[in-house]
Amino acid sequence: MAAALCAAAGCHSQKRPSPPIPARPAAVAPAPGAADAGPPAETGQLAWEKRDSDPGALDRAVSLFEAEARRGPEPAPALLGAARARRLRIARAEQYPDPEASTMGADAQECAADAHRARAGAGIEAEALYLWAVCSAIWSRMQGFTPLIERRGELTAAFLRVALLDPDLDGAGAERELGALYAALPAYAGGDLEEARRYLLAAVQRAPDDARNHVVLARAVAVKAQDRALFREHLMVAAKSGDALAAAQARALLERERELFGGPAEAAQPIPGGPQKLP
């Protein structure tokens, strides 16, 4: 009877079904953030900071700085960076046994042009003027002594101005360059070996840890004056320097001691190891 009543009522023994489980919402991908954007694009400054560890960094620094100067509203800092990088590229090229003179000449021209344009920027007059004068002197010397003689007045004035504005710039660079200029010029055009010695000794005194001052003093003054003691004293200091370029120059000059002191020096001879004349 109970079974019949249950059947008539439609009851059954199965459990009531569970309510449906709501579907889990699809995962939403996170918006890309700084962590997913990859490394920042290289800038001229970043490339410049890698110049000693990455063989291609110096070339990239030149290109990047000049691209930044073309794009930016204030081009002076980037132009100054490009001039610095080109000047260093010239110094490195001089270390090769047979440097490419045309490439060095082009770098010297562009370095001087960039530095000249950078002088319009506030607060960088000394370095921009210095790089303009350094690179202009390199370019003039590579054309022969006539262009250097013709520009000696403006180059001397520029270095004297830098020596007043920032005498410590680039390891007493203004005094070092004045000494090199006085040594390179022939006597009839204002060359003066004693003035060269005075400026270079002043540079050594101001920045004794900068090996370039010792190298230029030995190369520009000691060789021309045929002063072996001065030559050896300063090149031995430079050869032990942490500046790889200057140390290499010093060792190369020491190896040539017999050749360099084999005869009388001429005031108008090219400075050994300096930029070569363009063909």
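Quick look at the structure, then. (Residues numbered from 1 in each chain as written. Predicted model: local features only at pLDDT ≥ 70, side-chain atom pairs only at ≥ 80, totals over all residues. Heavy atoms only, no water.)

## Observations concerning the overall build of the chain
(1) Moving on: On a plain count of helices and strands, the chain comes out with 14 helices and zero strands.
(2) Moving on: The long-range fraction of contacts in the chain, counting pairs at least 24 apart against all pairs at least 6 apart in sequence, stands at 62%.
(3) Moving on: Taken as a whole, the chain presents about 15,600 Å² of accessible surface, with 56% of it coming from carbon and sulfur. (Helix = DSSP H or I, 4+ residues; strand = E, 2+ residues; numbered from the N terminus. Contact = heavy atoms within 4.5 Å. Areas by Shrake-Rupley, 256 points an atom, 1.4 Å probe, with all protein chains shown as cover.)

## Looking at the nonpolar core
(1) Moving on: Membership of the largest hydrophobic core comes to 75 residues, with the highest contact counts inside it found for Trp48, Tyr130, Trp132, Leu155, Val215, Phe231 and Leu235.
(2) Moving on: If one sorts the elements of this core by residue count, helix α6 (residues 125–142) sits on top with 11 residues.
(3) Moving on: Setting aside residues up to four positions removed in sequence, tryptophan 132 forms contacts with Ala112, Ala115, His116, Arg151, Glu154, Leu155 and Ala158. (Core = buried A, V, L, I, M, F, W, Y, C linked by side-chain atoms within 4.5 Å. Buried < 20%, exposed > 50% of the residue type's maximum accessible area, 1.4 Å probe, protein only.)

## A closer look at the packing of aromatic side chains
(1) Moving on: According to the stated counting rule, one finds three aromatic pairs in the structure shown.
(2) Moving on: Ring geometry for tyrosine 182 and tyrosine 199: centres 5.8 Å apart, planes at 5°, overall stacked. Pair noted here: tyrosine 182 is in helix α9 (residues 169–184) and tyrosine 199 is in helix α10 (residues 193–206), with a separation of 17 residues, a long-range link. A single burial state applies to tyrosine 182 and to tyrosine 199, both of which are buried.
(3) Moving on: With 4.9 Å between their ring centres and 75° between their planes, phenylalanine 231 and phenylalanine 261 make a pair best called edge-to-face. A residue pair is termed long-range when its members are at least 10 positions apart, and phenylalanine 231 in helix α12 (residues 228–239) and phenylalanine 261 in the segment after α14 (257–260) qualify at 30 residues. Grouping residues by exposure puts phenylalanine 231 and phenylalanine 261 together as buried.
(4) Moving on: Here the guanidinium or amino end of arginine 51 rests over the ring plane of tryptophan 48, the centre of that ring lying 4.0 Å away.
(5) Moving on: We note arginine 198 situated over the ring of tyrosine 199; from NZ or CZ to the ring centre the distance is 4.5 Å. (Phe/Tyr/Trp six-rings, centres within 6.5 Å; stacked < 30°, edge-to-face > 60°. Lys NZ or Arg CZ within 6 Å of the ring centre and 35° of its normal.)

## Looking at the packing of helix α5 (residues 101–118) against α6
(1) Moving on: One can describe the packing of α5 onto α6 by two numbers: an axis separation of 8 Å at closest approach and a directional angle of 150°. It follows that α5 is roughly antiparallel to α6 by the angle criterion. Between α5 and α6 the crossing geometry is left-handed. The residues of α6 that touch α5, namely those facing Ala101, Met104, Gly105, Ala108, Gln109, Cys111, Ala112, Ala115, His116 and Ala118, are Ala128, Leu131, Trp132, Cys135, Ser136, Ile138, Trp139 and Met142. (Axes fitted to C-alpha atoms, helices over the stretch in contact; angles between N-to-C directions. Parallel < 35°, antiparallel > 145°, perpendicular 65-115°, else oblique. Left-handed = near helix turned anticlockwise from the far one by under 90°.)

## Some details on α10
(1) Moving on: For α10, spanning 14 residues, the distance from its first C-alpha to its last is 20 Å, which sits close to the expected 20 Å at 1.5 Å a residue.
(2) Moving on: Every buried residue of α10 is accounted for by Ala196, Arg197, Tyr199, Leu200, Ala203 and Val204.
(3) Moving on: Taken together, the buried residues of α10 touch α8 (152–165), α9, α11 (211–225) and α12.
(4) Moving on: Here α10 starts with a cap whose side-chain oxygen sits 3.0 Å from the backbone nitrogen of glutamate 194, and that cap is aspartate 192. (Expected span 1.5 Å × (residues − 1). Polar contact = N/O pair within 3.5 Å; in protein donor to acceptor, adjacent residues only side chain to side chain.)

## Some words on the pattern of salt bridges
(1) Moving on: Under the counting rule described, the total for this entry stands at 24 salt bridges.
(2) Moving on: Arginine 212 serves as the salt-bridge partner of aspartate 210, at 2.8 Å between the closest nitrogen and oxygen.
(3) Moving on: Residue class for aspartate 210 comes out buried when judged on its relative accessible area of 14%.
(4) Moving on: With relative accessibility at 23%, the residue arginine 212 sits in the partly exposed group.
(5) Moving on: The salt bridge involving glutamate 257 is made with arginine 228; its shortest N-O contact spans 3.0 Å. Here arginine 228 lies in helix α12 and glutamate 257 lies in helix α14, a separation of 29 residues in the sequence.
(6) Moving on: Residue classification places glutamate 257 among the buried positions, given a relative accessible area of 12%.
(7) Moving on: One continuous salt-bridge network, built from bridges that share partners, spans Arg87, Asp170, Arg176, Glu177, Asp210 and Arg212. (Salt bridge = Lys/Arg side-chain N within 4 Å of Asp/Glu carboxyl O.)

## A short note on the state of the cysteines
(1) Moving on: Summed over the entire model, instances satisfying the criterion amount to one disulfide.
(2) Moving on: A disulfide bridge connects cysteine 111 with cysteine 135, and the sulfur atoms are separated by 2.0 Å. Since a negative S-S torsion denotes a left-handed disulfide, the cysteine 111-cysteine 135 link at about 65° is right-handed. One end of the pair, cysteine 111, is in helix α5; the other, cysteine 135, is in helix α6, and 24 residues separate them in sequence. The pair formed by cysteine 111 and cysteine 135 is uniform in burial state, with each residue classed as buried. (Disulfide = S-S within 2.5 Å.)

## So, the packing of α8 against α9
(1) Moving on: Put simply, α8 and α9 touch, their axes get as near as 9 Å, and they point 150° apart. Here α8 lies roughly antiparallel to α9, going by the angle between them. Crossing handedness for the pair α8 and α9: left-handed. Across from Arg152, Leu155, Thr156, Phe159, Leu160, Val162 and Ala163 in α8, the residues of α9 making contact are Leu169, Ala174, Glu177, Leu178, Leu181 and Tyr182.
(2) Moving on: Grouping the amino acids of the contact of α8 with α9 by side-chain chemistry returns 10 nonpolar, one polar and two charged. (Nonpolar A, V, L, I, M, F, W, Y, C, P; charged D, E, K, R; others polar.)

Interpretation in functional terms is not warranted from these geometric data alone.
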